[in-house]
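One-letter residues, chain by chain:
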Amino acid sequence: MGNSSGYNAYRDTAILTASQSTLILLLYDEAIRQIHAALAKIDDNGKVNITNLERYNAHVVKTQEIVSELMTSLDIEAGGEIAKNLLALYVYFNHELLEAGINTNKEKLAFVCDMI
């Protein structure tokens, strides 16, 4: 247990002292990790076993929360056209994630993961 608490303290310090661009990259990395975890819960028939359903939904929702955080981090005025395009992309990602969560859609999850 001592090793994990040391790692957690190190991770927390790294996050608290990270630059904004590093934090954005961490969000992207975590979104990809969450999507991969959700995809792992889908069987070969495109279904999620009832025992995995709660975890599947948690991974999809966590990814949506990350995308929403990315949306709120945008400075539309300073970022201009790029920020507006990113906002539209993030809105689209959240729509696709919502669909993937409701319909267990492996293709939509993979698409968002590839785009991120």
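So, here's what we can say about the structure.

The rules behind each value
- Residue positions are given per chain, counted from 1 along the sequence in the order it is written.
- Given that this is a predicted model, residues contribute local features only at a pLDDT of at least 70 and side-chain atom pairs are listed and counted only at 80 or more, while totals for whole chains, interfaces and linings are drawn from all residues.
- Just so you know, side-chain values use all the structure's heavy atoms and leave hydrogens and water out.
- Definition used in this section: a nonpolar core is a set of buried Ala, Val, Leu, Ile, Met, Phe, Trp, Tyr and Cys residues joined via side-chain atoms within 4.5 Å.
- Buried means the residue's accessible area, taken with a 1.4 Å probe over protein chains only, is under 20% of the maximum for its type, while exposed means over 50%, and partly exposed covers the values in between.
- The way it works is that DSSP assigns letters per residue, a run of H or I at least four long becomes a helix, a run of E at least two long becomes a strand, and they are numbered from the N terminus.
- We call two residues in contact when some of their heavy atoms are within 4.5 Å.
- In this analysis, the expected span of each helix is defined as 1.5 Å times one less than the number of residues it contains.
- To obtain the bend at a residue, axes are fitted to the seven residues ending there and to the seven starting there, and the angle between these axes is taken.
- We define a salt bridge as a side-chain nitrogen of Lys or Arg found within 4 Å of a carboxyl oxygen belonging to Asp or Glu.
- Lines fitted to C-alpha atoms define the axes here, with helix axes fitted over just the stretch in contact, and angles between the N-to-C directions of these axes take values from 0 to 180 degrees.
- Any angle that falls under 35 degrees is termed roughly parallel, while one over 145 is termed roughly antiparallel, one within 65 to 115 roughly perpendicular, and all others oblique.
- For any helix crossing, the convention is left-handed if the near helix is rotated counterclockwise from the far helix by under a right angle, and right-handed if that rotation is clockwise.
- Polar here means any residue outside two lists: the nonpolar Ala, Val, Leu, Ile, Met, Phe, Trp, Tyr, Cys and Pro, and the charged Asp, Glu, Lys and Arg; Gly therefore counts as polar.

### Some points on the nonpolar core
Judged by nonpolar contacts, the single largest core of 20 residues is most densely connected at Ile35, Ile42, Tyr56, Val60, Tyr90, Leu97 and Leu109. Of all the secondary structure elements, the ones that give two or more residues to this core are α2 (20-40), α3 (53-72), α4 (76-103) and α5 (106-115). Look past the residues within four positions of Tyr90 in its chain and what remains in contact with it is Tyr28, Val67, Leu70, Met71 and Leu74.

### Focus on α4
An ideal rise of 1.5 Å per residue puts 40 Å on 28 residues; α4 reaches only 32 Å between its terminal C-alpha atoms. Of all the bends in α4, the greatest measures close to 75° and is centred on Ile82. Here α4 has its buried residues at Ala83, Tyr90, Phe93, Asn94, Glu96, Leu97 and Ala100. Looking at the buried residues of α4, the elements they touch are α2, α3 and α5. Just past α4, the residue Thr104 takes up positive phi, approximately 50°.

### What about the pattern of salt bridges?
Scanning the model with the defined rule gives 2 salt bridges in all. Between Glu30 and Arg33 there is a salt bridge, with the nearest N and O atoms lying 2.7 Å from each other. Placement of the pair is Glu30 and Arg33 together in helix α2, with a separation of 3 residues, close to one helical turn. A residue is classified by how much of its surface remains accessible, and Arg33, at 47% relative accessible area, is partly exposed. Where Lys108 meets Glu96, a salt bridge forms, and the shortest distance between an N and an O atom there is 3.1 Å. Here Lys108, found in helix α5, pairs with Glu96, found in helix α4; they are 12 residues apart in sequence, far enough to count as distant.

### Quick look at the packing of α2 against α5
Where α2 contacts α5, the two axes come as close as 10 Å, and the packing angle between them is 160°. Relative to α5, the element α2 is oriented roughly antiparallel. Considering the relative orientation of α2 and α5, their crossing is left-handed. Residues Ile32, Ile35, His36, Ala38 and Leu39 of α2 form the contact with α5, whose participating residues are Lys106, Leu109, Ala110, Val112 and Cys113. A class-by-class count of the residues in the contact of α2 with α5 yields 8 nonpolar, 1 polar and 1 charged.

### Let's talk about unusual backbone geometry
In this structure, Thr104 takes a positive phi of about 50° despite not being glycine. With relative accessibility at 17%, the residue Thr104 sits in the buried group.

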